Amino acid sequence: MTSPQSDPAPQPPQGHVHGHTHSHGPAAPVSKHLRKVIAAVVIPFATAVVVGLIAFWPGGVPDHERTGVGFDRQTQDGKVVQVVKVDCADVNAAQVPPTGDTSTPSGREAVNEQEGECAKATVEVTSGDDKGRTFVEVVQPDAPRQLREGQGVVVAYAPDAPRDLQYSVTDVNRKIPMTLLAAIFALAVIAVGRMRGVMALVALAVSFAVLTLFILPAILQGSNPLVVAVIGASAIMLAALYMCHGVTARTSVAVVGTLISLLLIGLLGSLFIGWADLSGNTDDNTGLIHGLYPDIDMSGLLLAGVIIGSLGVLDDVTVTQTSAVWELHQADPQMGWRGLYRAGIRIGRDHIASVVNTLVLAYAGAALPLLLLFSIAQSSVGTVANSELVAEEIVRTLVGSIGLVASVPVTTVLAALVVSADRPGASTSSSTAAAPARTGRGRRRKA
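Residues numbered from 1 in each chain as written. Predicted model: local features only at pLDDT ≥ 70, side-chain atom pairs only at ≥ 80, totals over all residues. Heavy atoms only, no water.

(A) Structural context of the pairing of strand β3 (residues 134-139). Here β3 shows a clear split, with F135, E137 and V139 buried on one side and none of T134, V136 and V138 buried on the other. Taken together, the six bridges between strand β2 (residues 117-125) and β3 define a ladder with antiparallel strand orientation. Note on β3: the bridge partner recorded for T122 is V136. (Buried < 20%, exposed > 50% of the residue type's maximum accessible area, 1.4 Å probe, protein only. Helix = DSSP H or I, 4+ residues; strand = E, 2+ residues; numbered from the N terminus. Pairing = 2+ DSSP bridges.)

Pasting the structure below:
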């Protein structure tokens, strides 16, 4: 289970003949016996993942009759060809409440729109069967999105509506800036990471393919979201880790550590999602999904999201811890597994603090508008935490964080046991100078 070496670091003392690299580089060769032990664990797991992919392969997204609600609408590309300013009263953009009450936000907004200046945009459909057709869109002065001439937009098509009302602007077209940003990201990764950066991008493409071609369609077909998420996440993990870090014993230990942590996250998530009675159906999007596909287990979908969301950070933690232990062993081959574990766990404690904070802040940032609404309502902390919307994020954050914390000691002890049990002399020719370095006190204790 070796891979080509890159950027070899200086050789360690005591005549050690095996080269090694920096923390995320390929590991030094290990004994044939140890490779067999690791293969006996990883190969059956990888085989089970492949069997699971075949057994649950959905074959595409199931068809359904479009509702015309939210994302479930027919859309085409469009372009704003003209924008003129008109009085809102002339186009009947808003109506003042019959009572004349302007003390409420809706009343004040209606007055502003009635007395303000609206934008009357002419939009041309640029794709689909109605390419070249134009329609008028009135944009109110307080609308969060204003249209400008020449702007690309996304238009929704409602075939059952009257002809003049069949098309409407639903969003702006962001394809060019998003594509440019993705290209800058890819160039930055390749410029810094070189070949590893290329492999990281390939692994990212594979992850996206598994998500869009397997996980999402399989859930829509009615398969158990938890089973599908475990199989899909495992496939993503195997592809990402081995592509980015090579087919080595070091990577295989990280795979096993990640798998154990994912299982823990799945068990804890299942327990607390059920115990807290979290339905997973808390907003318009999940409500629409449930309406279109009532057989989907929404709480299972929530758990699947927890598992997939934790995977990316887990990969980083397990690879870093495994690499740290390997480098510690290279620096002092006489160190036994207990010493390696103690040194590795000290590195891991710093990693735990930063990773948990990162995860919590990531979820808090995503839920910031919701938290602002609770702040406006002057709700107590207990009330906020008890609401299902926030409780979902709390469970997601804490379950994922527990898995991340657990991955540090689990992966560290696995790496320490594996690297200290290595006996390269059993399968590789070593010089006599290397023998003393491999028969130190730590090695005799393990043997």
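(B) Quick look at the sheet that holds β2. Taken in spatial order, the five strands make up an open sheet running β3-β2-β1-β4-β5, and their pairing is antiparallel. Since the sheet does not close on itself, it has two edges, and those belong to β3 and β5 (167-172), each with one partner. Neighbouring strand axes in the sheet, compared pairwise and without regard to direction, differ in orientation by 45 degrees on average. Where strand β1 (residues 74-87) meets β2, nine bridges bridge the pair, whose relative direction is antiparallel. Bridge pairing in β2 links V86 to C118. (Axes fitted to C-alpha atoms, helices over the stretch in contact; angles between N-to-C directions.)

(C) Spatial organisation of unusual backbone geometry. For R194, which is not a glycine, the phi torsion comes out positive at approximately 55 degrees. The topology assignment puts R194 in helix α3 (residues 175-220). Positioned with a positive phi, D277 is a non-glycine residue whose angle comes to about 55 degrees. Among the residues examined, D277 registers a relative accessible area of 64% and is labelled exposed.

(D) Up close: the pattern of salt bridges. One pass over the structure, following the stated rule, counts six salt bridges. The shortest N-O distance in the salt bridge between R250 and E327 comes to 3.5 Å. Of this pair, R250 sits in helix α5 (residues 249-275) while E327 is found in helix α7 (residues 298-331), placing the two residues 77 residues apart along the sequence. By relative accessible area, which is 18% here, E327 ends up buried. Among the charged side chains, a network of salt bridges with common partners joins R145, D171 and R174. (Salt bridge = Lys/Arg side-chain N within 4 Å of Asp/Glu carboxyl O.)

(E) The side chain of S401, seen in detail. You can see S401 is positioned in helix α11 (residues 388-420). Here S401 falls in the buried class, since its relative accessible area comes to 8%. Reaching out from S401, the side chain makes a polar contact with the backbone oxygen of T397 at a distance of 2.7 Å. (Polar contact = N/O pair within 3.5 Å; in protein donor to acceptor, adjacent residues only side chain to side chain.)

(F) Fine view of the nonpolar core. Membership of the largest hydrophobic core comes to 54 residues, with the highest contact counts inside it found for I215, V255 and W326. The element contributing the most residues to this core is α7, with 11 residues. Not counting the four nearest positions on each side in its chain, I215 is found in contact with V210, V228, G232, A233, I236 and I308. Counting 12 residues, the second largest nonpolar core, distinct from the first, contains A119, V125, V153 and V169. (Core = buried A, V, L, I, M, F, W, Y, C linked by side-chain atoms within 4.5 Å. Contact = heavy atoms within 4.5 Å.)

(G) Looking closely at the confidence of the model for the protein chain. Of the residues in the protein chain, 77% have a pLDDT of 70 or more, and the chain-wide mean is 77. Contacts for the low-pLDDT stretch residues 1-29, under 50 throughout, to residues beyond four places or in other chains number 81 contacts. Confidence drops under a pLDDT of 50 for residues 94-100, and excluding neighbours within four residues, the segment shows 10 contacts in the predicted structure. (pLDDT = per-residue confidence, 0-100.)

(H) Expanded view of the packing of aromatic side chains. Inspection of the entire model under this criterion finds four aromatic pairs. Plain terms: the ring middles of F135 and Y167 are 5.9 Å apart, the flat faces sit at 20 degrees to each other, and that makes the pair stacked. Taken as a pair, F135 in strand β3 and Y167 in strand β5 lie far apart in primary sequence, 32 residues in all. Note on F135: relative accessible area 8%, which makes it buried. Given a relative accessible area of 7%, Y167 falls into the buried group. Every member of this aromatic cluster is reached through a ring pair, and the members are F135, Y157 and Y167. (Phe/Tyr/Trp six-rings, centres within 6.5 Å; stacked < 30°, edge-to-face > 60°.)

(I) Representation of a positive patch on the surface in the model. Judged by side-chain charge, R338, R342, R346 and R349 come together as a positively charged surface patch. Tracing the backbone shows R349 in helix α8 (residues 337-366). Of the residues examined, R349 reaches a relative accessible area of 53% and is grouped as exposed. (Patch = residues over 30% accessible without salt bridge, like charges linked within 9 Å, V, L, I, M, F, W, Y side chains within 5 Å. Areas by Shrake-Rupley, 256 points an atom, 1.4 Å probe, with all protein chains shown as cover. Lys, Arg positive; Asp, Glu negative; His and termini not counted. Charge placed at Lys NZ, Arg CZ, Asp CG, Glu CD.)

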